[in-house]
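If you want the building blocks of each chain, they are given just below.
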Amino acid sequence: MQVNPWALVSVALVVVVTFYLGHRTSRFARSTHDFLVARRTVRSRRNAAAIAGEYISAASFLGIAGLVLKEGADALWFPIGFTGGFLALMLFVAGPLRRSGAYTLPDFMEARLSSPALRTASTWFVVFIGVLYLLPQLQGAGLSLTMIMPTPAWVGSILVTVVIAYNVMGGGMRAITLLQAFQYWFKLFAIAAPTFVLCAVFVTGGAGAPGSAGSLGEPAPPEFTARTTVTVDTDVTLGVDTATRVRVDDGSGGAGWTTWRSGAEHAVDAGSTLTFPEGAAVPTVDRATAANLDWLLPSTDLTGLLSTYSLLLALLLGTMGLPHVLSRFYTNPDGKAARRTTVQVLLLLGLFYLFPVILGMLSRMFVPELLITGETDAAVIALPTAMLTGVAGQMLAALLAAGAFAAFLSTASGLVSSMSGVIATDLLAGKVRDYRVASVGVAGIAVLLAVTLPIDDLALSVGMSFALGASTFAPLLVLGVWWRRLTWLGALVGMCTGGGLVLLAVVLNAVSAHTGGWAPWLVERPALVTVPVAFGLTVLVSIATASRVPEDVGAVMLRLHAPDPLGFMRDRAVQRFGRAEEHTRTSQGRHRK
Amino acid sequence: MGDPTDPPDPEGRPGGIREPDPTLGKPAKPLTPEPFVQQPREPRPPRSGPSHAAPSHAAPSHSVTSHSTSRTSDQRSPEPRASEPRQPRIRRQRVVLAEPSRSSTSLRARVELEQQTSWGELLIKDLVKVQLRTAVLLGLLVLVVLCALPAVFYAVPAAVELRLAGIPLPWLLLAVAPFPLMFGVGLWYNRLAERRERDFVNMIEN
């Protein structure tokens, strides 16, 4: 472990700036209106930056480059789906959702279908999705901190949790809006600047750059460019495509050079040290694509096709089911602003996602040893020091590490804030004090789980949250906004069935991972089945229970769809949460009755 | 928009938005917005000094308009009726009790919408239908383009090996091309949706 002092300083700076900004903006937050929806006065440009900043999580900042390193062209669907989710959100949900005047997702459900049972059920799903999404953020923070300083993993998780819990407790949505907007621009800089520098190094053939761009097209696995020693931290099974000379030192003194035959599997114990000569083919852990040509080209078989569709469906519809994304939409002043915000989010995300892909391609050439340990999520941070020796590489690595930390902080604070809002309004009395209690509780439970649960493949767990969102809330939102005949019973059945199927897939996946990986692709990417089932059941049960269509459906539809200048939008529960002056202000002007 | 399964647009529904109720734009009596003028309620003390004997021209308070406040001191305060005693000059203040609504017809249309009359409900249903149609068509456009990519790779495996300026075509198609497409469609939808809402508001308000 080599401590990178630059990285320590930059991560500390990010944490301090986050802490300071949150502390400063917290002073303006007083009422529950501030805490839940930042008084609904966030302008579209800042809100777009905040949404993008919150959305670019560890899975985007570190995970996409790692997936590109491992899976190649097939991983490119992740950025497409992540961005496309906002297009779907904009086309079908954004404006009407804001006009509903709801404070939280369960609040919207009750406003539309006036069913307390549905409200309770959706509250639990929001909390579950939120925790499922929060865990990889906290665990990833711990993991990244171990990469830059010799600490156990739980230190990073607890550090992140303390900072965000303080900010959310102090000012709720009001405090984190500016923070997340700032963190978007910081993350863009932190990933763009190193990418430009490393590309320049690569093109000009700087320090130790091997080969050219064409070398990735070879039908051979990547090769070590110099004599390389790799320390294996966990038990792995490695495979090679061509016969490879290797020196295995398992610590018992029996070190010696052997040749690994192609096709055979080689078990390597934790603590072993592998030494490869220059020019040796890089072995890979199972399931990673070994040959460069397979990596470079998208898969052309039927399984790959269906699995791609399934992933795309989950990401496109799952975004609208993520509680932290939706809760940011309630902070827009009106429906038109919500739509405009989303257009800008599309631009900001498209800009960002160019860079992790380039970094992933570079890491395939320069840090292929990560394929052995399987820690492909570390690719982004390991790349600069592998390409540039000396201070320059360390500084770029420091910038990337700081960006990754900003990603953890902004996503986690959005999640904690949205979950606290839901818990405070639906399970507690909805006062500022309840909000603070809820945020401490949520953060505490999440960090406890993050520290105790084993660290799973980060991208997989995030993918499951998207599938869960797409199978539970997406049908409710889309049908609730556009279909008059939706009933609460249909919504409840659809949500519980879709969610239950995805949870079944999560369990099967975990079982399969420990018993030899027998599960088919459908278990890993279940959305292709669960989303149509959830939609279909919602529609069928709604039609069967047509007598339960709420009586005020006409009034609700009017509120959701009437253009903003007509002034039908009325914020829910202002009497309950807003202060007296707030109430008089909103009862004037646009909110004429 | 040209989906054959959609109900045919009658002549009166350009872009799917229904023409307003013919009675909607014609209020029962024309009502011009008139600023409220506060009249001093307290009995005015009679003045009998000779210094105020100058003749003054009367202006009935009902027709006082905004220029009443701009009167200068050489225009003497009016004497409302001959029978009343002469009054001192009082600066009239214009007090606006409420923001003038844009027009009374807009209020009527709003009430019509809010009361869920059959006509109001039809209007809002039409708006919902038009917006949904736009969203679905644009969403399908993007979905078909995106879903066609893996299908093409599956159907024509040779396509994945094409190169453009040394970079494999699939990487360009997957890593760069979708983002401008999605942003463009987003902009387009935003423009369409805002235009429809503007049309709807204009129709309601005149």
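**A few points about helix H5 (residues 77–92) of chain A**
Taking 1.5 Å of rise per residue, the 16 residues of H5(A) would be expected to cover 22 Å, and the 22 Å separating its terminal C-alpha atoms lies within 8% of that figure. Among the 16 residues of H5(A), 16 are classified as buried, and the element is accordingly described as predominantly covered.

**Concerning the packing of aromatic side chains**
This model, assessed by the stated rule, comprises 17 aromatic pairs over all chains. Ring centres of Tyr184(A) and Trp185(A) lie 5.0 Å apart, and the angle between their planes is 75°; this geometry places the pair in the edge-to-face category. Centre to centre, the rings of Phe352(A) and Tyr353(A) are 5.7 Å apart; their planes meet at 80°, and the pair counts as edge-to-face. With a relative accessible area of 0%, Phe352(A) lands in the buried category. Classification of Tyr353(A) by relative accessible area gives buried; the value is 0%. Grouped by ring-pair contacts, the aromatic residues Tyr55(A), Phe61(A), Phe78(A), Phe82(A), Phe86(A), Tyr133(A), Phe352(A), Tyr353(A), Phe466(A) and Phe179(B) constitute a single cluster.

**Brief notes about the interface of chain B and chain A**
Taken residue by residue, the interface counts 51 residues in chain B and 51 residues in chain A. Summing the contributions of chain B and of chain A, the shared interface buries around 4,600 Å²; its carbon and sulfur component is 76%. Applying the counting criterion to the chain B and chain A interface returns four salt bridges. In this structure, Glu121(B) and Arg484(A) form a salt bridge, with 3.6 Å as the shortest nitrogen-oxygen distance.

**Concerning a nonpolar patch on the surface**
Residues and elements named next belong to chain A. Judged by side-chain polarity, Leu501, Leu504, Val507, Leu508, Val511 and Trp518 come together as a nonpolar surface patch covering roughly 520 Å² of accessible area. Relative to the elements of secondary structure, Val511 occurs in helix H19 (residues 488–514). By relative accessible area, which is 40% here, Val511 ends up partly exposed.

**Section: the pattern of salt bridges**
In total, this model carries nine salt bridges over all chains according to the counting rule given. A cluster of three or more residues bridged by salt bridges with shared partners is formed by Arg99(A), Arg339(A), Asp564(A) and Glu197(B).

**Concerning the nonpolar core**
General note: in soluble globular proteins, nonpolar side chains tend to be found buried as a group. Residues Tyr55(A), Phe61(A), Phe86(A), Met320(A), Phe473(A) and Leu477(A) are the most contacted members of the largest nonpolar core, which totals 186 residues. Core analysis: the second largest hydrophobic core is formed by 13 residues, Leu566(A), Ile124(B), Phe200(B) and Met203(B) among them.

About the cut-offs
Residues numbered from 1 in each chain as written. Chains lettered and ligands numbered in written order. Predicted model: local features only at pLDDT ≥ 70, side-chain atom pairs only at ≥ 80, totals over all residues. Heavy atoms only, no water. Helix = DSSP H or I, 4+ residues; strand = E, 2+ residues; numbered from the N terminus. Expected span 1.5 Å × (residues − 1). Buried < 20%, exposed > 50% of the residue type's maximum accessible area, 1.4 Å probe, protein only. Phe/Tyr/Trp six-rings, centres within 6.5 Å; stacked < 30°, edge-to-face > 60°. Contact = heavy atoms within 4.5 Å. Buried area = accessible area lost by both parts, 1.4 Å probe. Salt bridge = Lys/Arg side-chain N within 4 Å of Asp/Glu carboxyl O. Patch = residues over 30% accessible without salt bridge, like charges linked within 9 Å, V, L, I, M, F, W, Y side chains within 5 Å. Areas by Shrake-Rupley, 256 points an atom, 1.4 Å probe, with all protein chains shown as cover. Core = buried A, V, L, I, M, F, W, Y, C linked by side-chain atoms within 4.5 Å.

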